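If you want the building blocks of each chain, they are given just below.
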Amino acid sequence: MGFTKEIVVEGNGASPKSGTKVTVHCTGYGKNNDLSLPFWSTKDPGQTTFSFTIGLGQVIKGWDEGVMTMKQGETSRITCTPDYGYGAGGFPAWGIMPNSTLIFEIELLEC
């Protein structure tokens, strides 16, 4: 259980360390347990980049640990098992069912 990462575009910058503010573009897949259906994207109309401080539990565990392995400029697909996503509770408002595996395509813009 945990996460796997597939690099889509290599980065050439620094990797973030715990306590660093990062800014990403992200699209999340897995709406209604269908890994081809997006449930949220920072690239949708009216959306913007997403920032958080890495390593402090502000986001799901798959993001905290997965983004920490990325380099600035990198785009990766991070697949999270339920324990690294939203777990038994899911996130019904976004169509994330309980115990869902999720895929996130994340581009690390700043760290």
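Structure: above.
Residues numbered from 1 in each chain as written. Predicted model: local features only at pLDDT ≥ 70, side-chain atom pairs only at ≥ 80, totals over all residues. Heavy atoms only, no water.

## Focus: the overall build of the chain
Thought 1: Counting secondary structure elements, the chain contains one helix and six strands.
Thought 2: Reading the helices (α) and strands (β) of the chain from amino to carboxyl end gives β-β-β-β-α-β-β.
Thought 3: What you see for the chain is a C-alpha radius of gyration of 13 Å, in line with the 13 Å of a compact globule of 111 residues.
Thought 4: Along the longest, intermediate and shortest principal axes, the C-alpha atoms of the chain span 35 × 30 × 20 Å.
Thought 5: When the 111 residues of the chain are sorted by exposure, 41% land in the buried category.
Thought 6: With the model as given, the accessible surface of the chain reaches about 5700 Å², and the carbon-plus-sulfur share is 50%.
Thought 7: Of the charged side chains in the chain, 8 are positive and 11 negative, and the gap between their average positions amounts to 3 Å. (Helix = DSSP H or I, 4+ residues; strand = E, 2+ residues; numbered from the N terminus. Rg over C-alpha atoms; globule rule 2.2 N^0.38 Å. Buried < 20%, exposed > 50% of the residue type's maximum accessible area, 1.4 Å probe, protein only. Areas by Shrake-Rupley, 256 points an atom, 1.4 Å probe, with all protein chains shown as cover. Lys, Arg positive; Asp, Glu negative; His and termini not counted. Charge placed at Lys NZ, Arg CZ, Asp CG, Glu CD.)

## A few points about the side chain of Glu74
Thought 1: Mapped onto the elements, Glu74 comes out in the loop between α1 (61-68) and β5 (75-80).
Thought 2: The residues contacting Glu74, other than those within four sequence positions of it, are Lys5, Ile7, Val9, Glu10, Gly11, Thr69, Ile106, Glu107 and Leu108. (Contact = heavy atoms within 4.5 Å.)

## Comments concerning the nonpolar core
Thought 1: Counting 20 residues, the largest nonpolar core has Cys26, Phe52, Trp63, Val67, Phe104 and Ile106 as the members making the most contacts within it.
Thought 2: Taken together, the elements giving at least two residues each to this core come down to β2 (21-29), β3 (38-41), α1, β5 and β6 (102-110).
Thought 3: No other element matches β6, which puts four residues into this core.
Thought 4: Ignoring sequence-local partners within four residues, the contact set of Phe52 consists of Thr20, Lys21, Val22, Gln58, Val59, Trp63, Asp64 and Val67. (Core = buried A, V, L, I, M, F, W, Y, C linked by side-chain atoms within 4.5 Å.)

## Brief notes about the pattern of salt bridges
Thought 1: Throughout the structure, instances matching the rule amount to three salt bridges.
Thought 2: Measuring nitrogen to oxygen at the nearest pair gives 3.1 Å for the salt bridge that ties Glu74 to Lys5. Of this pair, Glu74 sits in the loop between α1 and β5 while Lys5 sits in strand β1 (residues 3-9), placing them 69 residues apart in sequence.
Thought 3: On the accessibility criterion, Glu74 (3% relative accessible area) is buried.
Thought 4: Between Arg77 and Glu105 there is a salt bridge, with the nearest N and O atoms lying 3.5 Å from each other. With Arg77 in strand β5 and Glu105 in strand β6, the pair connects residues that are 28 residues apart, well separated along the chain.
Thought 5: Of the residues examined, Arg77 reaches a relative accessible area of 25% and is grouped as partly exposed. (Salt bridge = Lys/Arg side-chain N within 4 Å of Asp/Glu carboxyl O.)

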